[in-house]
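Structure assessment
Each chain is listed here by its residues.
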Amino acid sequence: MKLTILKETSPGETRVAATPESVKKLVGLGHTVTIESGAGTVAGFPDKAFSDEGATIAKTAATALKGADVLLKVRGPSAAEAAKYPEGLTVIALMNPFAMGDVTDALNAKKLNALAMEFTPRITRAQSMDALSSQSNLAGYRAMIEGAQIYGRAMPMMMTAAGTVAPAKVFVMGAGVAGLQAIATARRLGGVVTATDVRPAAKDQVASLGANFIAVENDEFKEAETAGGYAKEMSDDYKKQQAELTAAHIAKQDIVITTALIPGRPAPVLVNEDMVKSMRPGSVIVDMAVAAGGNCPLSKPDEVVDVNGVKIAGFSNLPARLPADSSSLYAKNLLAFLPLITAEDGALNLDTDDEIVTAMLLTRGGETVNERLKS
Ligand code: NAD
């Protein structure tokens, strides 16, 4: 099939949906790959690196899309972009499926088949395709690095002839994929780490990384994980108990990294204004949930807000701050997924009852087909 990769258009998006390595593999499988000129430049992949592996470089998006079967993107298109795509094109991207607005109508108007990488089911067979995990992992790492950079002190304990530097105390709220990587990174940097989550499975994972687990472990906690591995929204009573437990702890922390998300819902508030005010000047909060409304109501997307000397950082796209690695893992996720929609002769085949494809397919031939978008 003919695969096209376009330059990302969302502000601040530095990633690209293919790398020279993934292009080499796609071409080796018999596909034709066209890349819009400059698509990989910011991520460190110049046009020549792609053409050396067999890709054709197209000057404009419109030229790149001519005759394409499948468009591979990092971010889903805007409605205006979708309206310019050739009719019947298949688009695979991080579609932001719970906030598509008028994009869905635009996709259906052009009979575009859209597949959302976010809806990759959390089953063993799909692990290599799970872009949320690959990107969250890097985001968690980067959040800790950014936090350490904003924090104006050393992270590890240092015993010197001139005196001892105390280690930084790091508290990670939400110990999923991103949180666990933030914990591991904080430990590598020498911080003293604690973490919390509402899913009981997180407890052992946190301990295995050498951090201490703190949580309200009541009956609701025991039931907090969905069959899909995600957290449920907790009751007001649970949230109150959680806030009481964490309030005293947060006051003593140097760096707090919040990662808590609930798919399709606004992020839960975990660090309220009083908690921020209880923190020491010079301490740092990195709110990884800022794009979903934030775990701290004072965080602002892509700003570092100063509240009485406490710095609250709200990077809305942390993977884009590591574009070579995040593009490389994302391209591998796509590479792992494509065989599921490829017929034996190499042509595109969406007529499959594979549960992974069904879970990811949002629109097809002018209709919204995904149950999660209909409810
Ligand atoms: P996520 O990004 O949706 O949420 C981040 C974390 O925030 C989660 O651990 C969640 O439990 C936590 N959280 C939500 N509400 C909270 C609250 N009120 N207080 C504290 N924490 C809260 O989740 P994620 O990181 O993508 O995934 C969660 C888990 O799913 C992972 O840890 C992993 O074990 C599992 N997983 C499984 C597979 C697979 O089986 N293929 C793939 C990826 C992840």
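Let me sum up the structure you'll find in this document. Worth saying up front: this structure is predicted, and the values here are computed from it rather than measured. (Residues numbered from 1 in each chain as written. Predicted model: local features only at pLDDT ≥ 70, side-chain atom pairs only at ≥ 80, totals over all residues. Heavy atoms only, no water.)

**Section: the overall build of the protein chain**
Keep this limit in mind: Each helix is a run of DSSP H or I of at least 4 residues and each strand a run of E of at least 2, with the numbering of both proceeding from the N terminus. Using C-alpha atoms as the atom set, the radius of gyration is obtained and then compared with a globule rule of 2.2 Å times the number of residues to the power 0.38. Only protein chains enter the area calculation, which uses a 1.4 Å probe; residues under 20% of their type maximum are buried, those over 50% are exposed, and those in between are partly exposed.
If you tally the helices and strands in the protein chain, you get 14 helices and 17 strands. Relative to its length of 375 residues, the protein chain is compact, with a C-alpha radius of gyration of 22 Å against a globular reference of 21 Å. Dimensions of the protein chain, computed from C-alpha atoms along their principal axes, come out at roughly 65 × 50 × 35 Å. Per-residue burial over the protein chain gives 50% buried out of 375 residues.

**Examining unusual backbone geometry**
Backbone geometry at K111 places phi at a positive 50°, although glycine is not the residue there. Counting through the fold element by element, K111 comes out in the loop between helix 5 (103-109) and strand 6 (113-116). Even without glycine at this site, D302 takes up a positive phi of about 60°. Following the sequence through the fold, D302 ends up in the loop between strand 13 (284-287) and strand 14 (304-307).

**A short note on the nonpolar core**
Here is the rule we go by: Throughout, nonpolar core names a set of buried Ala, Val, Leu, Ile, Met, Phe, Trp, Tyr and Cys residues whose side chains join them through atoms within 4.5 Å. Contacts between residues were defined by any pair of non-hydrogen atoms, one from each residue, lying within 4.5 Å.
The biggest cluster of nonpolar side chains holds 59 residues, and the ones touching the most others in it are I35, I92, Y330 and F337. For F337, the contacting residues outside a window of four places in its chain are I92, L115, M129, I356, V357 and M360. Core analysis: the next-biggest nonpolar cluster, separate from the first, contains 37 residues, Y151, M155, V198 and A313 among them.

**Overview of the packing of aromatic side chains**
Selection criterion: For Phe, Tyr and Trp, rings pair up if their centres lie within 6.5 Å, where Trp contributes its six-membered ring, and each pair is then called stacked (planes under 30 degrees apart), edge-to-face (over 60) or tilted (otherwise). Whether a charge lies above a ring is judged from NZ of Lys or CZ of Arg, which has to be within 6 Å of the ring centre and within 35 degrees of the ring normal.
According to the stated counting rule, one finds three aromatic pairs in the structure shown. Plain terms: the ring middles of F98 and F119 are 5.4 Å apart, the flat faces sit at 65° to each other, and that makes the pair edge-to-face. Taken as a pair, F98 in the loop between strand 5 (90-94) and helix 5 and F119 in the loop between strand 6 and helix 6 (131-150) lie far apart in primary sequence, 21 residues in all. Residue F98 is classed as partly exposed on the basis of its relative accessible area, which comes to 43%. Ring centres of F213 and F221 lie 6.3 Å apart, and the angle between their planes is 50°; this geometry places the pair in the tilted category. Judged on exposure class, the residue F213 and its partner F221 are both buried. Sitting above the plane of the F119 ring, R372 keeps its charged end 4.0 Å from the centroid.

**Let's talk about the pairing of strand 4 (residues 70-75)**
To keep things clear, this is the line we draw: Should DSSP find at least two bridges between two strands, the strands are taken to pair. Clockwise travel from the first strand over the helix to the second, with the strands pointing away from the viewer, marks a crossover as right-handed.
Within strand 4, five of the six residues are buried, leaving the element largely enclosed by the surrounding structure. By the bridge criterion, four bridges tie strand 4 to strand 5 in an arrangement that is parallel. Bridge pairing links L71 to V91 in strand 5. Viewed along the sheet, the connection from strand 4 through helix 4 (residues 79-84) into strand 5 turns out right-handed.

**Digging into the sheet that holds strand 10 (residues 192-196)**
Just so we agree on the cut-off: Lines fitted to C-alpha atoms define the axes here, with helix axes fitted over just the stretch in contact, and angles between the N-to-C directions of these axes take values from 0 to 180 degrees.
If you walk across this open sheet you meet the seven strands as 11-10-9-12-13-15-14, and the pairing is mixed. Unpaired on one side and paired on the other, strand 11 (212-213) and strand 14 mark the two borders of the sheet. Direction of pairing for strand 9 (residues 169-173) relative to strand 10: parallel, over a ladder of five bridges. Looking at strand 10, one finds that K169 is bridged to V192. Relative to strand 12 (residues 255-258), helix 6 is tilted by about 150°, and along the sheet it contacts strand 9, strand 12, strand 13, strand 14 and strand 15 (310-313). Each of strand 9 and strand 10 touches helix 10 (residues 236-250); the most contacted strand, strand 9, lies at about 155° to it.

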